[in-house]
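Residue-level structural notes
One letter stands for each residue in the lines below.
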Amino acid sequence: MIQRVQSLWLLASTACAIIFFFLPIYYGEFIGGAMKKYTVTENLILFAGVTLVGLISLITIFFYKNRSQQKMMIIINIFITLAVFVLQYFLIESLKEELGMASGHWQIAAVLPVFIILFHIFAYKGISQDEALLNSSERMR
C-alpha cells in the first residue's frame, strides 16, 4: 500500500487536513483590543468539509488496485477542497463585517487547502505514471 509514491502524497494530504483542525485560520482584533481566533471547528459546514477531505484522502490510499477509481476520487476531493477554500474566505469576510472587527490577520493554516490540492495533483500524476508503465510493459509482451 505505502510502497507507491502516490500513497505518500495522499498521506501528506490527510496529514494537512488533520493539521487544519488544530491551527487557527484567522485572528480577529476588536476595537476594544480583544482578540478572537477562528478555527475550522467554529463552523459546521467548514468542519464537515475538512473532515470529508481528510477521509477521502485516507480512503483513496486503499484503492490502489483500482487506479481509475482512485483518480476519480482524487478529482472529487480537489473540488471539495476548492469549495472549502472558498467557503473559509467568505466565512471570515462575513464574520469581519458581522462582528465589526477593527483588524485581523490571516494565519498560515488558511493556505493548507492549497497544499492539499498540490498533494492531490502529485498523487494523480503518480497514478498516471503507473498506468503508463503498465501499458508499456504490456506492449513489450
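For the structure itself, look to the data block above.
Read on for a plain summary of the structure.

So, how was this worked out
- Residues numbered from 1 in each chain as written.
- Predicted model: local features only at pLDDT ≥ 70, side-chain atom pairs only at ≥ 80, totals over all residues.
- Heavy atoms only, no water.
- Helix = DSSP H or I, 4+ residues; strand = E, 2+ residues; numbered from the N terminus.
- Polar contact = N/O pair within 3.5 Å; in protein donor to acceptor, adjacent residues only side chain to side chain.
- Contact = heavy atoms within 4.5 Å.
- Pairing = 2+ DSSP bridges.
- Axes fitted to C-alpha atoms, helices over the stretch in contact; angles between N-to-C directions.
- Expected span 1.5 Å × (residues − 1).
- Parallel < 35°, antiparallel > 145°, perpendicular 65-115°, else oblique.
- Left-handed = near helix turned anticlockwise from the far one by under 90°.
- Nonpolar A, V, L, I, M, F, W, Y, C, P; charged D, E, K, R; others polar.
- Patch = residues over 30% accessible without salt bridge, like charges linked within 9 Å, V, L, I, M, F, W, Y side chains within 5 Å.
- Areas by Shrake-Rupley, 256 points an atom, 1.4 Å probe, with all protein chains shown as cover.
- Salt bridge = Lys/Arg side-chain N within 4 Å of Asp/Glu carboxyl O.
- Buried < 20%, exposed > 50% of the residue type's maximum accessible area, 1.4 Å probe, protein only.
- Arc of directions from axis to C-beta.

In this section: the side chain of Thr-39. On the secondary structure map, Thr-39 appears in the loop between strand 2 (35–38) and helix 2 (44–61). A distance of 2.8 Å separates the side chain of Thr-39 from the side chain of Thr-41, its partner in a polar contact. Ignoring any residue separated from it by four or fewer positions in sequence, one finds Thr-39 in contact with Leu-23, Pro-24 and Ile-25.

Taken together, three strands build an open sheet; the order of strands is 2-1-3 and the sheet is antiparallel. The sheet is open, and its two edges are formed by strand 2 and strand 3 (103–106), each paired on a single side. For this sheet, the mean angle separating the axes of adjacent strands, direction not counted, is 15 degrees. Relative to strand 3, strand 1 (residues 26–29) runs antiparallel, the two being bridged by four bridges.

Once that is clear, we can look at helix 3 (residues 67–99). The end-to-end C-alpha separation of helix 3 is 47 Å, in line with the 48 Å expected for 33 residues at 1.5 Å each. Two residues or fewer past helix 3, Gly-100 is found with a positive phi of approximately 65 degrees.

As a further point, take the packing of helix 1 (residues 5–22) against helix 2. At a closest axis distance of 8 Å, the pairing of helix 1 and helix 2 adopts a crossing angle of 160 degrees. The angle between helix 1 and helix 2 places the two elements in the roughly antiparallel class. Considering the relative orientation of helix 1 and helix 2, their crossing is left-handed. Taken together, the residues of helix 2 that come into contact with helix 1 (itself represented by Ser-7, Leu-10, Leu-11, Ser-13, Thr-14, Ala-17, Phe-20 and Phe-21) are Phe-47, Val-50, Thr-51, Gly-54, Ser-57, Leu-58, Thr-60 and Ile-61. Across the contact of helix 1 with helix 2, the residue classes tally to nine nonpolar, seven polar and no charged.

Side chains of Ile-19, Leu-23, Phe-85, Ile-108, Val-111, Val-114, Phe-115, Leu-118, Ile-121 and Phe-122 sit close together on the surface and give an oily, nonpolar patch of about 780 Å² of accessible area. Relative to the assigned elements, Phe-122 resides in helix 4 (residues 112–140). By relative accessible area, which is 35% here, Phe-122 ends up partly exposed.

Turning our eyes to something else, we now look at the environment of Ala-123. Tracing the backbone shows Ala-123 in helix 4. The residues touching Ala-123, leaving out its near neighbours within four places in the chain, are Gln-6, Trp-9, Leu-10 and Ile-74.

To continue, consider helix 2. In this model helix 2 runs 26 Å from its N-terminal to its C-terminal C-alpha over 18 residues, within 8% of the 26 Å that 1.5 Å per residue would give. Turning to helix 2, its buried residues are Leu-46, Gly-49, Val-50, Val-53, Gly-54, Ile-56, Ser-57, Thr-60 and Ile-61. Angular distribution of buried residues about the axis of helix 2 spans 160 degrees; they occupy a single face of the element. Set apart from the buried face of helix 2 by more than 90 degrees, the exposed residues are Leu-44 and Ile-45. Where helix 2 begins, the capping side chain belongs to Asn-43, and its oxygen is found 2.9 Å from the backbone nitrogen of Ile-45.

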